[in-house]
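Topology and contacts: notes
Chain residues, written in single-letter form:
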Amino acid sequence: MQLSCPMPKMDYDRITLGHGGGGTLTNRLLEQGVFDILGNEILDTHHDGAVFHMNGMMAFSTDSFVVSPIFFPGGDIGELAVNGTVNDLAMCGAKPQYLSLSFIIEEGFLVEDFWRILCSIKDACQRAGVKIVTGDTKVVENGKGDQIFINTSGVGIIEPKAQIRMDRVKAGDVIIVSNVVASHGIAIMSVREGLQFESDILSDTQPLNHVVTAMIDEFGDHIHLLKDPTRGGIASVLNEIVRDINLGIHLDEKQIPIDSQVKGACEILGLDPLYVANEGIFIAIVDARFAEDIVSQLKKNEACEHATIIGQIVPDHPRQVVMRSGIGGKRVVNMLVGEQLPRIC
Amino acid sequence: MKYVNEYRDEELAQSYIKKIKDTVTRKWNIMEVCGGQTHSLVKNGILDLLPNEVNMIHGPGCPVCVTPIHLIDKAIYLAEEKGVTLCSYGDMLRVPGSSRSLLDAKAQGADVRILYSPLEAVTLAQQNPEKEVVFFAVGFETTAPANAMSVVQAKQMGVKNYSILTSHVLVPPAIEAVMNDEDSVIHGFLAAGHVCTIMGISEYGPLVEKYKIPIVVTGFEPVDLLQGIYMTVKQLESGKYVLENQYSRVVQAKGNLKAIEMINEVFNVQDRVWRGIGPIPESGYEVKAEYEAYNANIRFNVQIEEAEENKSCIAGQVLKGIKKPFECPEFGKKCKPEFPLGAPMVSSEGACAAYYHFNRATENISA
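Cut-off values and rules
- Residues numbered from 1 in each chain as written.
- Chains lettered and ligands numbered in written order.
- Predicted model: local features only at pLDDT ≥ 70, side-chain atom pairs only at ≥ 80, totals over all residues.
- Helix = DSSP H or I, 4+ residues; strand = E, 2+ residues; numbered from the N terminus.
- Rg over C-alpha atoms; globule rule 2.2 N^0.38 Å.
- Pairing = 2+ DSSP bridges.
- Axes fitted to C-alpha atoms, helices over the stretch in contact; angles between N-to-C directions.
- Contact = placed C-beta atoms within 7 Å.
- Core = buried A, V, L, I, M, F, W, Y, C linked by C-beta atoms within 7 Å.
- Buried ≥ 20, exposed ≤ 12 C-beta atoms within 10 Å, placed from the backbone.
- Parallel < 35°, antiparallel > 145°, perpendicular 65-115°, else oblique.
- Nonpolar A, V, L, I, M, F, W, Y, C, P; charged D, E, K, R; others polar.

Some points on the overall build of chain B
Counting secondary structure elements, chain B contains 17 helices and 11 strands. For chain B, the C-alpha radius of gyration of 21 Å lies close to 21 Å, the compact-globule estimate for 367 residues. Referenced to the eigenvectors of the C-alpha coordinate spread, the extents of chain B come out at roughly 65 × 45 × 45 Å.

Quick look at the sheet that holds strand S8 (residues 215-218) of chain B
All names here are of chain B. The strand order across the open sheet formed by 5 strands is S2-S1-S7-S8-S9, and the pairing between neighbours is parallel. Edge positions in the sheet fall to strand S2 (54-61) and strand S9 (243-245), since each of these pairs with one other strand and no more. Strand after strand, the sheet turns through a mean of 25° between neighbouring axes, direction not considered. Bridge count for S8 against S9 is 3 bridges, and the pairing is parallel. Along S9, the bridge assignment pairs Val 216 with Glu 244. Across the sheet, helix H2 (residues 35-43) is in contact with strand S1 (28-34), S2, strand S7 (188-192) and S8; its angle to S1 comes to roughly 120°.

Let's talk about the nonpolar core
Ranked by size, the top nonpolar core spans 225 residues in total, and within it B:Leu86 and B:Ala191 carry the most contacts. Among residues more than four places away in sequence, those in contact with B:Ala191 are B:Val33, B:Val171, B:Cys196, B:Tyr204, B:Ile215, B:Val216, B:Val217 and B:Thr218.

Section: the packing of helix H10 (residues 171-180) of chain B against helix H12 (residues 204-211) of chain B
Residues and elements named next belong to chain B. Viewed as axis vectors pointing N to C, H10 and H12 meet at an angle of 10°, and their least axial separation amounts to 10 Å. With respect to their mutual orientation, H10 and H12 come out roughly parallel. For the pair formed by H10 and H12, the contact residues are Pro 172, Ile 175, Glu 176 and Met 179 on the first element and Tyr 204, Leu 207 and Tyr 211 on the second. Classifying every residue of the contact of H10 with H12 gives 6 nonpolar, no polar and 1 charged.

Here's the deal with the sheet that holds strand S11 (residues 308-314) of chain A
Residues and elements named next belong to chain A. Pairing is mixed across the open sheet formed by 7 strands, whose spatial order is S8-S10-S7-S11-S9-S12-S13. The strands lining the two open edges of the sheet, one partner per strand, are strand S8 (223-227) and strand S13 (330-333). Within this sheet the neighbouring strands show an average axis-to-axis angle of 25°, counted without direction. For strand S9 (residues 248-252) and strand S12 (residues 321-324), the ladder comprises 4 bridges, and the chain directions are parallel. Note on S12: the bridge partner recorded for Leu 251 is Met 323. Of the strands in this sheet, strand S7 (174-177), strand S10 (283-286) and S11 touch helix H8 (residues 291-299), which is tilted by about 10° from S7.

Spelled out as C-alpha cells, the structure:
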C-alpha cells in the first residue's frame, strides 16, 4: 500500500492543535493529505457540504470508530470506518454511494500514521465503490483522545428488488451466516496490549455490498432480513431480531462456521465465539425454499466461502434464541451483557 | 482442537446419558464444586439431558462469588483513596461491593485495569516505579501458583511497588463446610479437575472416608462431566464410596509439585470468610510474614468496616446448593447481570449468571 500511495513531503511529522484550528495548517493538511488522496468531483468543490443528486428510496447510516489498536492484523481503523458504514447500508438493501468522513485526532499523532490511514480509506472506498464527499477534522489536546477516532456516515439508494424489513421475517424462514464467525474480535484481541498471542488470525473487515447486491439481484424479495453482527456478535444480533418479532430462533451449534485457530483462541481466552465481534460477515434471514440456492451462490464468492445455514425462525419460545448444543442439549442464547471486549471497532 | 473435540462428541455424550439412565434407580443429589463445571453443564444443555433422578447441585466453587464484600470495598478504597493502580481479572471488576463495583470506580476515574495474569501486573509496576500497583489475587488453588510466582518474581526483580490483595480460597474445606451444614442434602461430589491438577487428589480421600460419600475428580468438557456423573451414580447405586479420578489425562495423584512448592513458598493457610457462606476454618491462603512487603493488607493497613449483603439476595443458599437460582424471587427480575444483587449473578462461573445466560427458561425450551 505504501508503494502505491507515497506520502508527500510535509514540513511537520506530528499533528498539532493548529491542524484542527481551521487556519493555514488545517488547509495544508487537507490539501496535501485528505483532498489529494480522496479527491473526486463532489469533494473537490470544497463547499461547506456535498451537493449531489439521488433518485429513489434512500438509506442513511452512521457509525463511529474507536478501535484500539488502530492498526491490527487484517486491517486498520480507516478501512474499518469505510466498510462499517458501507455494510450498514448494504444491510438495508441499499447500494452505498456517498460517505462523509470525520476525524478526531489527538495532538501528537504521527502524520505518517495519518497518511497510512488515508491511503487505507482510499483503497477501501475503491473496493466498495463509494466516494467520500464531505468531512471534518478536529484535533484535541494530548491525553484528551486516543490517537484517532473516525466517524463515517453514508447514503445509498435502495436496490429495486430489495424488500428487507423486520416485518417480513416469518416462522419457517431460514437463517444463513455468510462466513466464519468471531475473526475480527479475536484478531484485535491477539494484539491488545497485555494480551498478545501469536496467531495468523486476521480481521474479516471487508465491504459486503457487492455480494449483497448480487444476492438481491438473484433472489429479490426472498431475502427477508439482513444484519451485520458487529459488536456483540451473532448472539446479540439474533436476540435483537427476536426482540422485535413475536417468534423464536432455533440455532444449531454444530453448523456455526468458525476457523479452528479462532476457536482455539476463544477457548484460551474464555470467550464465547457467538458474542465476539465480526466486521465482514452478515446474517441473512430468507425464504426456506430458496435457502440452499442462496448458500450455493454465496459460496462462489471468496468473502462467503463458508456460508452456512445455522438455524431457523420458529413459532416456539417467542423472543428467545435457543441453541441445540454440540452434544444434543439445549441452551438459551441471550443478549451480551456488558462488554466482552471494549473498543473493538 | 485435539483433546477437546473428543470430549464434545455427541455420540459419546449420548452414550453416557444412556448409561446414567440405565443405572439410576432413585434420586441422587450430586454437587459439582467448581463454577467452571456449572457453566459447562448449563452451556451444553446437560442438565436437561440428565434423567430427573440426577439432581445437580451447584457448589461454591466460584472464587469471585465468595470474595467478601469488605475486600471489594477495600480494593475500591485503595484505587480511589490511595491512588494505586488496581489490577484484577475481568469478572472481579464487575462484582458489587457494598455500594459499587471496581468498574464503577474505574468509570469515576480510579486506575483499575483488567489483566489476564498477575505477572503482567509485576511488569506494570516495574514500568511505573512511581505508582503502587496492587493485584487483586482471587481464586482457588488453581490461580495461587501464578499469584505466588508474581510475588517471588517481584522480589527477585527488586520491584518494590507491587503487592497483592489476597482472597484465596480452598476446595476441601468448602466441601467440609457444605457437608457440615445441617441443611445439606448432598450424596456425592464432582471435585474440580483443575484444582486437583495443581494440588493432586490426596486431600479428598479423608473426606470420602469421613462423610462416606463418593468423590469423583472430574474435567470440564461435556463428556468429562457426563462420565464423572456416571461414575458417581454407579458408586451411589452400588452403595460404594471411593475417590475416583475421571480426569486422569490431566490430573496426577500428587499434583503439580513445582506449583505446590511455589504456593508454599509464599502463602500459608488461614481462616477465611466466604461471601454468602461465612467463616470457614483454614479455608484460604494469605501471604506469609516473610513476604509481607508484598501483602497489600499490611502495606496499606486499611481498615474497612464489614458491610452487609443485600438482604434480598439468597446467594448463601445458592452457593450451598440449598436453592436453585430460579428459586430466588429476584432472579431475572431485580437481579440481572447488568445490575446484580449478589456475586453469583456476576461471574461467568456463578450459578445465577450461568442460569440467566443459558438456561433462563428451561421450562419454555421446546425447540
